[in-house]
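# Observations on the model geometry
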Amino acid sequence: MNFKLEDAEDRSLIAVRKKVKRDAAKQTAKVVSDSLVNTGISLSVVLVLWMLGLWAFGVTPYIGKGPLEVFDWLWLDEDALENQQLVVTALSQTMVDASIGFGFGLFFATLVSVLFTMSKSLEQALMPIAMLLRSVPLIAMAPILILIFGREQATVAVMGAIVVLFPALVNIVFGLRSASSSMIDVATVYGANKLAALRFVAFPSSLPSFFAAVKISVPGAITGALLVEWLATGQGIGYGIISAVGRAKTNEVWAYVVVITLVSILLYNLVGLLEGYVLKRFAPQAWKAR
C-alpha cells in the first residue's frame, strides 16, 4: 500500500514538473513573439515615415533615396557585393566603437550609482559634475578630448562613456532607491550591512530601471560612436557618411543610415527580450507588472 502511495506521489510530482516546464515554454514563446511583433511594428513605422517624409518635403530623387533604391544599391547593382562589403566593414567598426562606449559608460554609471546610494553627501558633491558633462555639447568637448587622448580607442571610450553616463546614472540611482524601506529594515534586522542590503534588496528591485537605462544607452552609445568616428577616428559609419556626402554618393549615404537604424531597432528590441527573461527569473513581480 505504501509503495502504491509513493508511486502516486511521484507521478503527481512528475506531472507538476511537466506542467511548470510547459508553462515556462509558453511564456518564453510569448515573450519572443511579442519581441518579434514589436520589431516588425518599429520597422514598419520607420519605413512609412521614411517614404512619407520624402513625399511631404518634396525631396528630389537625386538627394532622397527611397527603400527600393537602397535595396537595389545593396543587392541588385553590378557592384552589390562591393557595396555590401563596404557597409559591413563600416558597421563592424561602428559596433566595436559603440560597444566600447556602452561598456565603459554603463560600468561607471552603475559604480557611481552604488556610491551615490550608499552616501547622500557624495551624490550632492559629484552629481553637478555629471550634469556638467551632460550639459556641455560633446562636439564642443571633442577637440579637447582629442588633444588629451589622441584619435585612438581611448577617445572612443571617453566620448562614448560621456554620452551613456548621465541618463544611465539617473535611471539606476532611481532604481536602487526604489527598494521598499521595510524590506531594507528587515535585512538590517537580520544583520545585513549596507552592501548586503544593496545586493539582496535594492538590486532586484532596481532591475526595471536598470534595463530602462540599458535601453536608453544602446542608441546613445551608437550615436556617440558615430560622432567620435566623424570627429576623431576617421573610421566606421560615422566617417563613411561624411565621406560619401563629400563624394556625392547619395545611395551609399542612405544605405549607411538605413543599416545603422535597422541595427539600433534590433538591438533595442533584443534588450527588451533580455529584460523579460531576467525580470521573470530574478524579479517576477516586476515582470508580471509589465
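Residues numbered from 1 in each chain as written. Predicted model: local features only at pLDDT ≥ 70, side-chain atom pairs only at ≥ 80, totals over all residues. Heavy atoms only, no water.

### Focus on the overall build of the protein chain
- Of the regular secondary structure elements, the protein chain holds 11 helices and 0 strands.
- Put simply, the protein chain runs from its N terminus to its C terminus through helices and strands in the order α-α-α-α-α-α-α-α-α-α-α.
- A total of 290 residues make up the protein chain; the buried ones form 35% of that total.
- For the protein chain, restricting intrachain contacts to residue pairs at least 6 apart in sequence, the fraction spanning at least 24 positions comes to 74%.
- Carbon and sulfur atoms provide 70% of the accessible area of the protein chain, an area that totals close to 17,600 Å². (Helix = DSSP H or I, 4+ residues; strand = E, 2+ residues; numbered from the N terminus. Buried < 20%, exposed > 50% of the residue type's maximum accessible area, 1.4 Å probe, protein only. Contact = heavy atoms within 4.5 Å. Areas by Shrake-Rupley, 256 points an atom, 1.4 Å probe, with all protein chains shown as cover.)

### A look at unusual backbone geometry
- We note that Ala-248 has phi near 60 degrees; this positive angle belongs to a residue other than glycine.
- Structurally, Ala-248 can be placed in the loop between α9 (236-246) and α10 (250-282).

### A look at the UniProt feature "transmembrane region" (unreviewed entry) in the protein chain
- The sites that UniProt annotates as "transmembrane region" (unreviewed entry) are residues 36-57, 100-119, 131-150, 156-176, 196-214, 220-241 and 253-271.
- Within the segment residues 131-150, helix and strand shares are 85% and 0% respectively, and the terminal C-alpha atoms sit 25 Å apart.
- Summarising residues 253-271: 100% helix, 0% strand, and an end-to-end C-alpha distance of 27 Å. (UniProt positions renumbered as here; feature names shortened; annotations may be inferred.)

### Some words on a negative patch on the surface
- Among the surface-exposed residues, Glu-69, Asp-72, Asp-77, Glu-78, Asp-79 and Glu-82 lie close enough to one another that they form a single negatively charged patch.
- Among the structural elements, Glu-78 can be located in the loop between α2 (67-76) and α3 (80-118).
- For Glu-78, a relative accessible area of 83% translates into the label exposed. (Patch = residues over 30% accessible without salt bridge, like charges linked within 9 Å, V, L, I, M, F, W, Y side chains within 5 Å. Salt bridge = Lys/Arg side-chain N within 4 Å of Asp/Glu carboxyl O. Lys, Arg positive; Asp, Glu negative; His and termini not counted. Charge placed at Lys NZ, Arg CZ, Asp CG, Glu CD.)

### A few points about a nonpolar patch on the surface
- A contiguous nonpolar surface patch, about 730 Å² in accessible area, is contributed by Val-37, Ile-41, Val-45, Val-48, Leu-49, Leu-52 and Trp-55.
- Mapping Trp-55 onto the fold places it in helix α1 (residues 2-56).
- The class for Trp-55 is exposed, based on a relative accessible area of 68%.

### A word on the pattern of salt bridges
- All told, the structure shown has 4 salt bridges when counted by the stated rule.
- Across the pair Lys-120 and Glu-123 runs a salt bridge, and its minimum N-O distance is 3.7 Å. Of this pair, Lys-120 and Glu-123 are both found in helix α4 (residues 120-135), 3 residues apart, which corresponds to roughly one turn of the helix.
- Glu-123 serves as the salt-bridge partner of Arg-177, at 2.5 Å between the closest nitrogen and oxygen. With Arg-177 in the loop between α6 (153-176) and α7 (181-189) and Glu-123 in helix α4, this residue pair connects regions lying 54 residues apart in the sequence.
- Here Glu-123 falls in the buried class, since its relative accessible area comes to 12%.
- When salt bridges that share partners are traced, they join Lys-120, Glu-123 and Arg-177 into one network.

### Let's talk about the packing of α6 against helix α8 (residues 194-233)
- Here α6 crosses α8 at 155 degrees, and the two axes come no closer than 7 Å. It follows from the interaxial angle that α6 and α8 lie roughly antiparallel. As α6 runs across α8, the sense of the crossing is right-handed.
- Among the residues making up the contact of α6 with α8, the classes are represented as 20 nonpolar, 10 polar and no charged. (Axes fitted to C-alpha atoms, helices over the stretch in contact; angles between N-to-C directions. Parallel < 35°, antiparallel > 145°, perpendicular 65-115°, else oblique. Left-handed = near helix turned anticlockwise from the far one by under 90°. Nonpolar A, V, L, I, M, F, W, Y, C, P; charged D, E, K, R; others polar.)

### Comments concerning the side chain of Ser-264
- Structurally, the position occupied by Ser-264 is in helix α10.
- Judged by its relative accessible area of 19%, Ser-264 is buried.
- Polar side-chain contacts of Ser-264 include one of 2.8 Å to the backbone oxygen of Ile-260. (Polar contact = N/O pair within 3.5 Å; in protein donor to acceptor, adjacent residues only side chain to side chain.)

### Observations concerning the packing of α2 against α10
- For the pair α2 and α10, interaxial distance at closest approach is 9 Å and the crossing angle is 95 degrees. Taken together, the axes of α2 and α10 lie roughly perpendicular to each other. Contacts from Glu-69, Val-70, Trp-73 and Leu-74 of α2 reach α10 at Asn-251, Glu-252, Trp-254, Ala-255 and Val-258.
- Looking at the contact of α2 with α10 residue by residue, the class counts come to 6 nonpolar, 1 polar and 2 charged.

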